[in-house]
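Residues per chain, in single letters:
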Amino acid sequence: MGAERYVLANFKMNKNLFEVKKWADEFLSLLYKGKKLSLKVGCAPTFIYIKALKEIVIGTGFLVGAQNMHFEEKGAFTGEVSPTQLKDIGVDFVIIGHSERRNIFGESDELISKKLLSALKHNILPVLCVGETKEEREKGETEKVLIKQISILSKIPDELKNQKIVIAYEPVWAIGTGIPATKDKIEKAVELIREEASKFIKDFSVLYGGSIDEKVAEEIKDICDGGLVGTASLDPQKFYKISQNFDV
Ligand code: PGA
């Protein structure tokens, strides 16, 4: 049996409550009208809309995620949200180590590793993002960077090693630029990620993220296990088409 397939939307800091609800209604109606998808679809809105989204999709199998979390269960961490709080409102997955968290908010591999372990411990599916910057690629450091970012999996203790993890290959230069990575670059990186991750864990899926549109999804569906979609996911029609195209 192959790895589980996913198409996940990352809304980032976009949409208000009305727009999130409208998106969910539209996406669900497309889902019901069309051919049943065999992959898992989900969406990570901003924290404050998670509950509203969960209430709309409950019972449909649609996954609801968070874009970040703190690794501690509670405490004096102003502005942070804990894994137990996310579990409390039914969060299924959490994006960890997105490049915007790494680059804008200075998250280190060490911090990302703590968040990963915490998500596993609290039974929230982690979606670990890895990927090189433009500068790193130009210097020929892509492999080195990916190997280092994946190496945090070595810290997973034995009792959590059998849990499922989603890894998203997201080259930083392809995110939000409208210029996705080419198929051969994605294939090479995904292969490397699979090879490295399999040294530490058994049950994982590798997605691609970075300017995915329906054409990209069609093109790469056979070389990865789905996609993490930013800009194009904001439109329910586009996100539905991308989900269809990734469904093999
Ligand atoms: P993008 O974002 O689809 O807008 O490139 C992807 C992501 O950041 O996960």
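The structure we're discussing is the one just above.
Definitions and cut-offs
- Residues numbered from 1 in each chain as written.
- Predicted model: local features only at pLDDT ≥ 70, side-chain atom pairs only at ≥ 80, totals over all residues.
- Heavy atoms only, no water.
- Helix = DSSP H or I, 4+ residues; strand = E, 2+ residues; numbered from the N terminus.
- Rg over C-alpha atoms; globule rule 2.2 N^0.38 Å.
- Buried < 20%, exposed > 50% of the residue type's maximum accessible area, 1.4 Å probe, protein only.
- Expected span 1.5 Å × (residues − 1).
- Contact = heavy atoms within 4.5 Å.
- Salt bridge = Lys/Arg side-chain N within 4 Å of Asp/Glu carboxyl O.
- Near = heavy atom within 4 Å.
- Polar contact = N/O pair within 3.5 Å; in protein donor to acceptor, adjacent residues only side chain to side chain.
- Areas by Shrake-Rupley, 256 points an atom, 1.4 Å probe, with all protein chains shown as cover.
- Nonpolar A, V, L, I, M, F, W, Y, C, P; charged D, E, K, R; others polar.
- Pairing = 2+ DSSP bridges.
- Axes fitted to C-alpha atoms, helices over the stretch in contact; angles between N-to-C directions.

Summing up its helical and strand segments, the protein chain has ten helices and eight strands in all. Relative to its length of 248 residues, the protein chain is compact, with a C-alpha radius of gyration of 17 Å against a globular reference of 18 Å. Along the first, second and third principal axes, the C-alpha atoms of the protein chain reach 45 × 45 × 35 Å. Counting only residues that meet the buried cut, the protein chain has 52% of its 248 residues in that class.

This part is about helix α8 (residues 183-197). An α-helix turns once per 3.6 residues; consequently, residues spaced three or four apart project the same way. The end-to-end C-alpha separation of α8 is 21 Å, in line with the 21 Å expected for 15 residues at 1.5 Å each. Those residues of α8 that are buried are in contact with β5 (125-130), α7 (142-150), β6 (165-169), β7 (204-209) and α9 (214-220).

Turning our eyes to something else, we now look at the pattern of salt bridges. Counted by the stated rule, this structure contains 18 salt bridges. Notably, a salt bridge pairs glutamate 100 with lysine 12, separated by 2.8 Å at the nearest N-O pair. Remark: lysine 12 occurs in the loop between β1 (6-10) and α1 (17-33) and glutamate 100 occurs in helix α4 (residues 99-104); sequence separation between them is 88 residues. Arginine 102 is the partner of aspartate 109 in a salt bridge, and the nearest nitrogen-oxygen pair spans 2.8 Å. The same class applies to aspartate 109 and to arginine 102, which are both buried.

Take the site of the ligand next. The immediate surroundings of the ligand are formed by Asn10, Lys12, His98, Glu170, Ala174, Ile175, Gly176, Gly210, Ser211, Leu228, Gly230 and Thr231. In the model, an oxygen atom of the ligand is placed 2.7 Å from a nitrogen or oxygen of the histidine 98 side chain. The fraction of the free accessible surface of the ligand (280 Å²) that becomes covered by protein chains is 99%. Classifying every residue of the shell around the ligand gives three nonpolar, seven polar and two charged.

With that out of the way, let us pick up the sheet that holds strand β8 (residues 226-229). Strand order in the closed barrel formed by eight strands is β1-β2-β3-β4-β5-β6-β7-β8, and the pairing between neighbours is parallel. Direction aside, the axes of adjacent strands within the sheet are offset by 25° on average. Relative to β6, β5 is paired through four bridges, and the arrangement is parallel. Residue cysteine 129 lies in a different strand from β6, and its bridge partner there is alanine 168. The strands that helix α5 (residues 109-121) touches are β4 (93-96), β5 and β6; relative to β4, the one it contacts most, it runs at about 170°. The sheet strands contacting helix α10 (residues 236-246) are β1, β2 (40-44) and β8, and the helix crosses β1 at an angle near 155°.

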